[in-house]
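Below are the chains, spelled out letter by letter.
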Amino acid sequence: MTDETVTGTPAEPPAVPPAPPAVPATPPAVPPAAPPVQPAAAPDGQPPADGPSAEPQPSAPRPPLHPLVRAGAATVAAALVGVVIGVGIIKTRYDDPPLTAAAPAPAAPAPTATPYGAKSNGSHFGSLRDLLLPVPAGYEPGPDEGGYGNDTELSGRQLADQLDSELQQVPKAKRDKIRAYWEGLHVRGSGVRTYRTTANDLLIGLKLRQFNQQEVQRINEYTAVFTGDTGLFRVGPSVPGHPEAHCYLMPAPPSAPIDYLECSAAEGDLLVIMTAEGPAPLPKDKIIALYAAQLDRLAAPGATV
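The structure displayed is predicted, hence computed values, not measured ones. (Residues numbered from 1 in each chain as written. Predicted model: local features only at pLDDT ≥ 70, side-chain atom pairs only at ≥ 80, totals over all residues. Heavy atoms only, no water.)

**Section: the environment of Asp130**
Reasoning step 1: Within the fold, Asp130 resides in helix H2 (residues 128-131).
Reasoning step 2: Given the relative accessible area of 23%, Asp130 is considered partly exposed.
Reasoning step 3: Sequence separation between Asp130 and Arg297 is 167 residues, and the spatial gap between their C-alpha atoms is 9.9 Å. (Helix = DSSP H or I, 4+ residues; strand = E, 2+ residues; numbered from the N terminus. Buried < 20%, exposed > 50% of the residue type's maximum accessible area, 1.4 Å probe, protein only.)

Right under this line is the structure:
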């Protein structure tokens, strides 16, 4: 990722809502892996005895927090954040470490970590994974985001390739408009990290979308107006020290057992989105404290830690 400020003439975002119906708001499901081959039963019909070749059975997966309904939130997210900014996040690997020199010379010092942070003009540099808030005390890595992992990053080129794949079933006229809007965003990357409390009573996801600064600001402002003026959402808590951030709660009856909170903020060229869900009532102070810590990490200048 370069450290130049993203420039370009922002394109007009598509009408919101609704998002183009042919483009899903969530990434396509990953095809399930082929089931393991089961050993044949013994001649007497009994299961085969354990032996050196028997594979250990995997432990039962940790049960999910609660059956959560995401369809409404996904639709709103697609409308607010624009077409396919969140089309998918896939795991990437870091480069392999350099090989040790074979010559009998003093060992070179270990390479320093790639710097990351923010410049005074609001442009962020470095890996989005570094810019994401590390898992704090009292939390552990959360569940996978859409089947792609819980600590992931996708480059702008990878997102563009996935967009092309998603648009194959869209009529050409609409496909060209969506692609033109996408190109006007100058998308540089997207990343996500999920968190779960050690008590397993709260799930939080943080997403960084990096694209044209003017469009980041416009989308964030529009989200604030849409969620505040339409009356469709419940007003969420404010984020101390971050007036650019706004939070809202999904519509829910008073007796709903699960609640869902979402926050959005513009930090230079990053649209910072947080989702939180858990048993009602949500611990809003705890959630907002984590979100504020993420925004503080991105604040310009000098977000480098």
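**Some details on the packing of helix H3 (residues 156-166) against helix H4 (residues 172-185)**
Reasoning step 1: Relative to each other, H3 and H4 sit at 175°, their axes nearing to 11 Å. When the axes of H3 and H4 are compared, the pair comes out roughly antiparallel. Side by side, H3 and H4 meet where Gly156, Leu159, Ala160, Leu163 and Asp164 of the first sit next to Ile178, Arg179 and Trp182 of the second.
Reasoning step 2: Within the contact of H3 with H4, the residues separate by chemical class into five nonpolar, one polar and two charged. (Axes fitted to C-alpha atoms, helices over the stretch in contact; angles between N-to-C directions. Parallel < 35°, antiparallel > 145°, perpendicular 65-115°, else oblique. Contact = heavy atoms within 4.5 Å. Nonpolar A, V, L, I, M, F, W, Y, C, P; charged D, E, K, R; others polar.)

**Description of the packing of aromatic side chains**
Reasoning step 1: Within this structure, the stated rule accounts for three aromatic pairs.
Reasoning step 2: Residues Tyr222 and Phe226 carry aromatic rings whose centres are separated by 6.1 Å and whose planes lie at 20° to one another, so their mutual orientation is stacked. You can see Tyr222 and its partner Phe226 sitting in helix H5 (residues 213-229), four residues apart, about one turn around the helix.
Reasoning step 3: Overall, the relative accessible area of 34% leaves Tyr222 in the partly exposed class.
Reasoning step 4: You can call Phe226 buried: its relative accessible area is 11%.
Reasoning step 5: Ring geometry for Phe233 and Tyr248: centres 5.2 Å apart, planes at 65°, overall edge-to-face. Residue Phe233 is found in the loop between H5 and strand E7 (234-235), and its partner Tyr248 is found in strand E8 (residues 246-249); the two are separated by 15 residues along the sequence. Summarising the burial analysis for this pair, Phe233 and Tyr248 share the class buried. (Phe/Tyr/Trp six-rings, centres within 6.5 Å; stacked < 30°, edge-to-face > 60°.)

**Quick notes on the pairing of strand E10 (residues 270-279)**
Reasoning step 1: Within E10, nine of the ten residues are buried, which leaves it mostly tucked inside the rest of the structure.
Reasoning step 2: Here strand E6 (residues 203-210) runs beside E10; their pairing, made up of eight bridges, is antiparallel. Looking at the pairing, Gly205 lines up with Thr275 of E10.
Reasoning step 3: Pairing of strand E9 (residues 258-267) with E10 involves ten bridges; the strand directions are antiparallel. Across the sheet, Ile258 pairs through a bridge with Pro279, a residue of E10.
Reasoning step 4: The loop that links E9 with its antiparallel partner E10 comprises two residues; one of these, Gly268, has a positive phi angle of about 65°. (Pairing = 2+ DSSP bridges.)

**Focus: H3**
Reasoning step 1: Residues Gly156, Leu159, Ala160, Gln162, Leu163 and Glu166 constitute the buried set of H3. Angularly, the buried residues of H3 cover 165° about the axis, an arc narrow enough to put them on a single face. Residues of H3 that are exposed and point more than 90 degrees away from the buried face comprise Arg157 and Ser165.
Reasoning step 2: If you follow the buried residues of H3, they end up packed against strand E4 (151-155), H4 and strand E5 (189-197). (Arc of directions from axis to C-beta.)

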